[in-house]
Amino acid sequence: MCWSCSLSTDVLNTHHNTEICSTLFHLPVNKDGRVEAGVESQSQHTALLVTNTITHLLHRFDYKLPVGTFLSRPPRFDYRGFMLDVARHFFDKEVIKRQIELLSYYNLNRLHLHLTDDESWSLEIDGIPELTEIGSRQCFDLSQCGTYPQLGKKLDMGKQFLTKSEYIEIVRFAESKGVMVIPEIDLPGHSTAALNAMKMRYVHTPTLTDYRLHDPLDESQFISTQYFSNGVVNPCVESTYSFTKTVVQAIQSYHKEAEQPLTVIHLGGDEVPGTAWSRSPACDTMLTQLGKTNIDDQKEKVREIKVAMFRRLGALAESVGLSLAFWEDGLIDSFTDEPFVKEEVFPPGVTVYTYVWFSKLDGRSDSRPYNLANSGYKVILAPASRYYFDHAQEPHPKDSGFYWATRYINLLTTFSFRPDNYYGNIIRKPSKGVVNEEFCDMKHCPPLIRKENIVGVEAVLFSETVPHQHRLDDSTFPRILAVAERAWKEASWEHLDGENPEGLQKDFDLSVY
């Protein structure tokens, strides 16, 4: 089936045999301001790219295109993404579809949906109704809900999850707009809501232990970065993998019905407290069965448990034909601060993506993107100090947002990120006194050997401080436009280092937003 590009203004007509998926495409404009040749492609997504290009040109030239030929190059990255958290604060299908429309307009082609977290489980799953009946709610009686009220939420806010039919509608709409939906189920950390929902499933029906996510004899005590107590799934109980397989296969079936086959599932992996599973008999038994006895160091114990978990998740992914994705810190060995050896942890046929976020580009953990890429992982760059849109845009008391990665992230900060010159982004911090030339040596700045494994960039919006659509828009725009710019093309100044490379300000001033 061929998809043709056309605009109601007759700016673009259709002809045959002009394929633009991987080459330059030409848009000659005649003296009447019309494009003399159009394009036709086997890909609907390619047609959308061309239509968007024409629309942007029309806006830029006030709907009067000058005579000449416009050239548009293929995008710099295949993965051009945006993550929306619908678990901390819920956004319904209409808000999500509107966001997809906006992403598509700016040629961003991945919507990473963060569907679960400590605060909520936000997607209906066939066969496990408690996940949304209990896990999507917040209240003071934990026999009825996933967790206590958080982040200023009211006790009764109505339905706070996506039904199966709504999710399918979202995915189908995204497919029509050239956007791939990547669902995230955050495991094993950030799982308070799911843990409590499955505990209540067992309490209400004691014979149902098939999806229990905890070791009932575990006496471990720990607190997460966000101050949730003991909110980590136990990877040492078999029912954890029964649960995960059911959830993954349900989502896979939703995508099939939406006619956008699921190719990758994001399973979190981030921010597991260091004392998790320290007093779990189930984990002691599993480690003994694996021949890992006499482990006294808690770091080593957590490491071995995580490796065993990743091996099980890799086998699951292989069995259902999916790639896996994790946040960067989940794939880092806490002993060495180096990535787990991919070939020792995951099956050879399973592609593993990792989202690099922790790097603050101040000289700490800035070697991870290249180390992960060189180790065979597919890397999506999402540095918190440049691309985390839950941070304030300006250092003003009325501009709400987080400040843990940096005090603020304005449009120029986002625009100036250099994906292909990662170490060039390292800048002086008054508290650290770090500049690129002081920090970078072979240990701290290893060379990028496998450049093909840097596959994209992603803007990230966690929603703790985003309670409604107005705040969503305010947090997203205009910064998302700068992400779209960097995702599509490399700027002439990107090979230069430092905070204000020559040519950056001029390029920024000339950009049309």
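Look a little higher up for the structure.
No experiment lies behind these values; they were computed from the predicted model shown.

**Student:** Any chance you could explain helix α5 (residues 192-204) here in plain terms?
**Tutor:** Along an α-helix, a turn takes 3.6 residues, which lines up residues three or four apart on a common side. Relative to the 18 Å expected for 13 residues at 1.5 Å per residue, α5 spans 18 Å between its end C-alpha atoms, a close match to the ideal helical length. Regarding α5, the residues found buried are Thr 192, Ala 193, Ala 194, Leu 195, Asn 196, Ala 197, Met 198, Met 200 and Arg 201. Taken together, the buried residues of α5 touch α3 (130-133) and α6 (238-257).

**Student:** Where do I start with the state of the cysteines in this structure?
**Tutor:** What the rule picks out here adds up to two disulfides. Each sulfur in the disulfide pair Cys 139 and Cys 145 lies 2.1 Å from the other. Torsion about the S-S bond of the Cys 139 and Cys 145 cystine: about -95°, corresponding to left-handed handedness. Classification of Cys 139 as buried rests on a relative accessible area of 11%.

**Student:** Looking at this structure, I do not really get the packing of helix α2 (residues 93-105) against helix α4 (residues 164-176). What am I missing?
**Tutor:** When two helices pack together, their arrangement is captured by the angle between the axes and the distance separating the axes. It is at 10 Å that the axes of α2 and α4 come closest, and there the two elements cross at 10°. The orientation of α2 with respect to α4, classified from their angle, is roughly parallel. Viewed along their axes, α2 and α4 form a crossing whose handedness is right-handed. Every residue of α4 that contacts α2 at Lys 93, Glu 94, Ile 96, Lys 97, Ile 100 and Glu 101 is listed here: Glu 166, Glu 169, Ile 170, Phe 173 and Ala 174. Taken together, the residues of the contact of α2 with α4 break down into five nonpolar, no polar and six charged.

**Student:** Would you mind going over the environment of Leu 187 with me for this structure?
**Tutor:** Along the chain, the position of Leu 187 falls in strand β7 (residues 180-187). For Leu 187, a relative accessible area of 10% gives the class buried. Each C-alpha atom, one on Leu 187 and one on Val 233, is 6.8 Å from the other, the two residues being 46 residues apart in sequence. Discounting residues that sit within four places of it in the chain, Leu 187 has contacts with Val 233, Thr 244, Leu 267, Gly 268 and Gly 269.

**Student:** Just checking my understanding: could you explain the sheet that holds strand β6 (residues 110-114) for this structure?
**Tutor:** Within a sheet, neighbouring strands are paired by backbone hydrogen bonds and run either parallel or antiparallel to one another. Strand order around the closed barrel formed by eight strands is β5-β6-β7-β8-β9-β12-β13-β14, with parallel pairing between neighbours. Here the average twist between neighbouring strands, direction ignored, is 30°. Two strands pair when backbone bridges link them, and strand β13 (residues 378-381) and strand β14 (residues 454-461) are joined in this way by three bridges, in the parallel orientation. Counted as the bridge partner of Val 379 is Ile 454 from β14. Contacting β5 (79-85) and β6, α2 runs over the sheet at an angle of about 150° to β6. Sheet strands in contact with α6 are β7 and β8 (264-268), and its direction is about 165° off that of β7.

**Student:** For this particular structure, what's the right way to read the environment of Phe 340?
**Tutor:** Turning to its location among the elements, Phe 340 is positioned in the loop between β11 (338-339) and α9 (342-345). With a relative accessible area of 3%, Phe 340 lands in the buried category. With 37 residues separating them along the chain, Phe 340 and Arg 303 place their C-alpha atoms 9.6 Å apart. The contact partners of Phe 340, leaving out residues within four places of it in the chain, are Arg 303, Val 307, Phe 310, Gly 330, Leu 331, Ile 332, Asp 333, Val 345 and Tyr 377.

Thresholds applied
Residues numbered from 1 in each chain as written. Predicted model: local features only at pLDDT ≥ 70, side-chain atom pairs only at ≥ 80, totals over all residues. Heavy atoms only, no water. Helix = DSSP H or I, 4+ residues; strand = E, 2+ residues; numbered from the N terminus. Expected span 1.5 Å × (residues − 1). Buried < 20%, exposed > 50% of the residue type's maximum accessible area, 1.4 Å probe, protein only. Contact = heavy atoms within 4.5 Å. Disulfide = S-S within 2.5 Å. Axes fitted to C-alpha atoms, helices over the stretch in contact; angles between N-to-C directions. Parallel < 35°, antiparallel > 145°, perpendicular 65-115°, else oblique. Left-handed = near helix turned anticlockwise from the far one by under 90°. Nonpolar A, V, L, I, M, F, W, Y, C, P; charged D, E, K, R; others polar. Pairing = 2+ DSSP bridges.

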